[in-house]
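# Geometric and topological summary
Spelled out, the chains give:
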Amino acid sequence: MAELDANLDHIIPSSVLAPFWAKLVVGFVSLVCFARSYDGDFVFDDSEAIINNKDLRAETPLGDLWHHDFWGSRLSSNTSHKSYRPLTILTFRMNYYLSGGFYPMSFHVVNILLHGGISVLMVDVFSVLFGGLQYSSRGRRLNLAPRSSLLAALLFAAHPVHTECVAGVVGRADLLGALFFLLSFLGYCKAFRETGNKEGTHSTFWVLLSVLLGAVAMLCKEQGITVLGLNAVFDILVIGKLNVLEVVQKVLHKDKSLENLGALRNGGLLFRMTLLASGGAGVLYMRWKIMGTGPPAFTEVDNPASFADSMLVRAINYNYYYSLNAWLLLCPWWLCFDWSMGCIPLIKSAGDWRVIALAALWFCLIGLICQALCSEDSHKRRILTLGLGFLIIPFLPASNLFFRVGFVVAERALYLPSAGYCALLTFGLGALSKHAKKKKLIAAVVLGILFINVLRCMIRSGEWRNEEQLFRSALSVCPLNAKVHYNVGKNLADKGNQTAAIRYYREAVRLNPKYVHAMNNLGNILKERNELQEAEELLSLAVQIQPDFAAAWMNLGIVQNSLKRFEAAEQSYRTAIKHRRKYPDCYYNLGRLYADLNRHVDALNAWRNATVLKPEHSLAWNNMIILLDNTGNLAQAEAVGREALELIPNDHSLMFSLANVLGKSQKYKESEALFLKAIKAHPNAASYHGNLGLRQEKSQIVRGTYQH
């Protein structure tokens, strides 16, 4: 659109309009915005999706990736999150293999480069939105709106709402989904490259390739499939040049010429729509078949509005959530890693002042939609239609319209919709510049927006570098969010600051009296501080609220054991194992209980179960060796010790225990060698030096730190 581009000539200098330089500038800005996150830690969801995800490890067959969800659980499981993104997990696995382990820098660098590549690709996408689809005689697509496409791409590259996707490693799903989404759209544009945009003509190869790329996008992130809907809108309204206002008028007037509308009689268009529809339906069917069961089961704290009894309350709150998403695009200074658990209180009546926000949203949307569909200017219709298409269509899976989602607001869900916002903002700036007398002031405002956004991206990237900064940054944004207080408390507890952690855990429970994970962690700390009565009360309440909470049952058993309530402790351990059959730590603690009760055979069986489930469980191995030693079963103790050292060859505590057994068995040379090896591995252990001289000191049951 030459007019729009001309209106921006005082903002974008002509020296950067060459395609190479424009893309270089966009790529550079995108890297500057998020470069601070390159050496960040794994934070928040990264732990579950990457560190604790067995699908990243070489021992997991590659074929399993196609049957597991994003978190490594089987899709057929009722507890699965149902987020199916095997191609994203494959890239994590490649990162893990190439970097030789869980080194976050390589993961972060890939994310930063992906965002840079997507931002560069946006120059081409925006050139279609603003300049239309025109090709040279050599088949090269022409950028007829270089200033508009460059400004919109810069706004996209430097939008702070992207920080979660770029600085959080799990955001790679959104980045990869966006990459193939854009490639699918540009591929669909190429379907008309050799036809000169003649009516009814297209390249079937590029249409099919676009469908395939849409499927690939969906295998990276679910919303990727929505590109097929965008392609359909693009084809009907831009390629087919369907004037919706004209169609509506003819329908209302029962005009017989309606049958002669070119777009409706276009056989090529109908064929392409058939390909898009059948391709999309086929991909969605395969996705549903692979998913195995119904949709995931979310809780009320994840998405309170979806659990409201009144349909009106649900509708009002959904629309309020949309307005919050729009506000994050307009003013991305108010960012938070999590928006659940009371962060946004429900609107329960029409008298709530927040209703104004959703009214304002729909006032703006309806105005834009009317302009997009009814304007006589075909260029304006194209820009507004595609801008709204990019804004709305990729957001539909997160809208709660088709199914319940597991969040209230998610900044990551705005990565692709922000492209539509940037297109609409650029169009608005161009229109404003056209009518403004002080064009230099408009240029200063645009440059100010870009500078502030770049600065905000850099600040926010720094907050995402470690969990302490990330969690604390959310306290001022969502002070009513129990999960924020929980995560701050957990971070403090991990650093040994139990007093401060208790304060945040108590606040989390106050904000959400059913927050069982906060109760469990608070109970653990109170247990370690020997405040056993309150710990038991909290853990008992946690298992009452969530009867299948295995970790809370185990921790309740530990507290009951400390209170000498042995029968209750055994029952709690057994209940934990009932709800989580593969629970080595619970078997270990059950063995400790049996050892305290002198039920030696039961103790040995419990510890053996722990080592079967977790062969590297050093404490269980150690206690087996020492119990057998103390009961005079030296031969069996030696056999267990040798078995343990084969599995964990560098464990100094196992070396020490086996050395004791060997000394008692009068195998002095081998005993001395193991003592020396244990001392070398742990030179500050006084007992190791003492036993090296005595070789015959009586052993005791190891009371190592409990694992929860």
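Keep in mind that this is a model prediction, so the values were computed, not measured.

### Remarks on unusual backbone geometry
The phi angle at N400 is positive, at roughly 70 degrees, despite the residue not being glycine. The topology assignment puts N400 in the loop between α15 (378-392) and α16 (417-435).

### Some details on the state of the cysteines
If you walk through the whole model with that rule in mind, you get one disulfide. Across the disulfide, C343 is cross-linked to C478 (sulfur-sulfur distance 1.8 Å). Residues C343 and C478 are joined by a disulfide whose S-S torsion is about -40 degrees; by sign, that bridge is left-handed. With C343 in the loop between α13 (311-330) and α14 (355-374) and C478 in the loop between α18 (467-475) and α19 (482-494), the pair connects residues that are 135 residues apart, well separated along the chain. For the pair formed by C343 and C478, the shared burial category is buried.

### Description of the nonpolar core
Grouped together as the largest cluster of nonpolar side chains are 200 residues, with contacts concentrated most on F126, F185 and F234. Both domains that furnish three or more residues to this core are identified here as domain 1 (197-292) and domain 2 (582-707). Aside from chain neighbours lying at most four places away, what touches F234 is V128, L133, F185, Y188, C189, F192, I239 and L386. Among the nonpolar cores identified, the runner-up in size contains twelve residues, and F42, A49, F107 and V169 belong to it.

### With respect to the environment of R287
Mapped onto the secondary structure, R287 falls in helix α12 (residues 267-291). Since its relative accessible area comes to 13%, R287 is described here as buried. Each C-alpha atom of the pair R287 and A215 lies 9.9 Å from the other, and the pair is 72 residues apart in sequence. Among residues more than four places away in sequence, those in contact with R287 are K82, S83, Y84, M218 and E222.

### Regarding helix α24 (residues 566-579)
With 14 residues, α24 extends 20 Å from end C-alpha to end C-alpha; this agrees with the ideal 20 Å at 1.5 Å per step. Of all the residues in α24, the buried ones are A569, S572, Y573, T575, A576 and I577. Where α24 is buried, its residues contact α23 (550-562) and α25 (584-596).

### Here's the deal with the packing of helix α6 (residues 146-157) against helix α17 (residues 439-463)
Orientation of α6 relative to α17, taken along the N-to-C sense of each, is 30 degrees, at an axis distance of 9 Å. In terms of orientation, α6 and α17 fall into the roughly parallel class. The two elements α6 and α17 cross, and the hand of that crossing is left-handed. Together, L151, L154 and L155 of α6 and V446, I449 and L450 of α17 make up the contact between the two elements. Counted by class, the contact of α6 with α17 contains six nonpolar, no polar and no charged residues.

### Focus: the packing of helix α8 (residues 172-190) against helix α9 (residues 204-220)
Relative to each other, α8 and α9 sit at 170 degrees, their axes nearing to 8 Å. Taken together, the axis directions place α8 and α9 in an arrangement best described as roughly antiparallel. Of α9, the residues touching α8 (which contributes A173, L176, G177, F180, F181, L183, S184, G187, Y188 and K190) are W206, V207, S210, L213, G214, V216, A217 and C220.

### Quick look at the environment of G132
Along the chain, G132 falls in the loop between α5 (104-131) and α6. Counting along the chain gives 247 residues from G132 to H379, while the straight-line C-alpha distance between them is 7.8 Å. In this structure, G132 is in contact with S127 and R382, ignoring residues within four places of it in sequence.

### With respect to the side chain of S30
Tracing the chain through its elements places S30 in helix α2 (residues 19-34). At 2.7 Å, the side chain of S30 forms a polar contact with the backbone oxygen of G27. Setting aside its immediate chain neighbours within four residues, S30 contacts H115, G116, S119 and A157.

### Overview of the pattern of salt bridges
Opposite charge on two side chains allows them to pair when their charged atoms are near. This model, assessed by the stated rule, comprises 24 salt bridges. Close ionic contact of E222 with R287 constitutes a salt bridge, the shortest N to O distance being 3.7 Å. Pair noted here: E222 is in the loop between α9 and α10 (227-239) and R287 is in helix α12, with a separation of 65 residues, a long-range link. It is possible to trace a salt-bridge network through shared partners that takes in E638, R642, K667 and E670.

### Here we look at the environment of I525
With respect to the helices, strands and loops of the structure, I525 is situated in helix α21 (residues 516-528). Overall, I525 belongs to the buried group, its relative accessible area being 5%. Sequence separation of I525 and A493 is 32 residues, and the distance between their C-alpha atoms is 8.2 Å.

### Focus on helix α20 (residues 498-511)
With 14 residues, α20 should cover 20 Å at 1.5 Å per step; its first-to-last C-alpha distance of 20 Å lies within 8% of that length. Burial in α20 covers these residues: A500, A501, I502, Y504, Y505, A508 and V509. On its buried face, α20 sits against α18, α19 and α21.

### Regarding the confidence of the model for the protein
Low pLDDT marks stretches whose predicted atomic positions should not be read closely. Here the protein shows a mean pLDDT of 87. Residues at 70 or above account for 90%. Low pLDDT, under 50, characterises residues 692-708; the predicted model gives this stretch 53 contacts beyond four residues in sequence or across chains.

### Overview of the packing of aromatic side chains
What the rule picks out here adds up to 20 aromatic pairs. Plain terms: the ring middles of F70 and F92 are 6.2 Å apart, the flat faces sit at 50 degrees to each other, and that makes the pair tilted. Of the two residues, F70 is situated in the loop between α3 (46-51) and α4 (86-99) and F92 in helix α4; the sequence distance between them amounts to 22 residues. The class of F70 is buried, set by a relative accessible area of 1%. In this structure F92 comes out as buried when scored by relative accessible area, which is 0%. Arranged with centres 6.2 Å apart and planes meeting at 45 degrees, the rings of F92 and F107 form a pair that is tilted. Placement of F92 in helix α4 and of F107 in helix α5 is noted, with a sequence separation of 15 residues between them. Pair check on accessibility: F92 and F107 agree, each one buried. Each residue in the set F42, F70, W71, F92 and F107 is aromatic and connected to the rest through ring pairs, giving one cluster. Just above the ring of F307 sits the side chain of R404; from NZ or CZ to the centre is 3.9 Å.

Thresholds, definitions, all that
Residues numbered from 1 in each chain as written. Predicted model: local features only at pLDDT ≥ 70, side-chain atom pairs only at ≥ 80, totals over all residues. Heavy atoms only, no water. Helix = DSSP H or I, 4+ residues; strand = E, 2+ residues; numbered from the N terminus. Disulfide = S-S within 2.5 Å. Buried < 20%, exposed > 50% of the residue type's maximum accessible area, 1.4 Å probe, protein only. Core = buried A, V, L, I, M, F, W, Y, C linked by side-chain atoms within 4.5 Å. Domains from an automatic or database assignment. Contact = heavy atoms within 4.5 Å. Expected span 1.5 Å × (residues − 1). Axes fitted to C-alpha atoms, helices over the stretch in contact; angles between N-to-C directions. Parallel < 35°, antiparallel > 145°, perpendicular 65-115°, else oblique. Left-handed = near helix turned anticlockwise from the far one by under 90°. Nonpolar A, V, L, I, M, F, W, Y, C, P; charged D, E, K, R; others polar. Polar contact = N/O pair within 3.5 Å; in protein donor to acceptor, adjacent residues only side chain to side chain. Salt bridge = Lys/Arg side-chain N within 4 Å of Asp/Glu carboxyl O. pLDDT = per-residue confidence, 0-100. Phe/Tyr/Trp six-rings, centres within 6.5 Å; stacked < 30°, edge-to-face > 60°. Lys NZ or Arg CZ within 6 Å of the ring centre and 35° of its normal.

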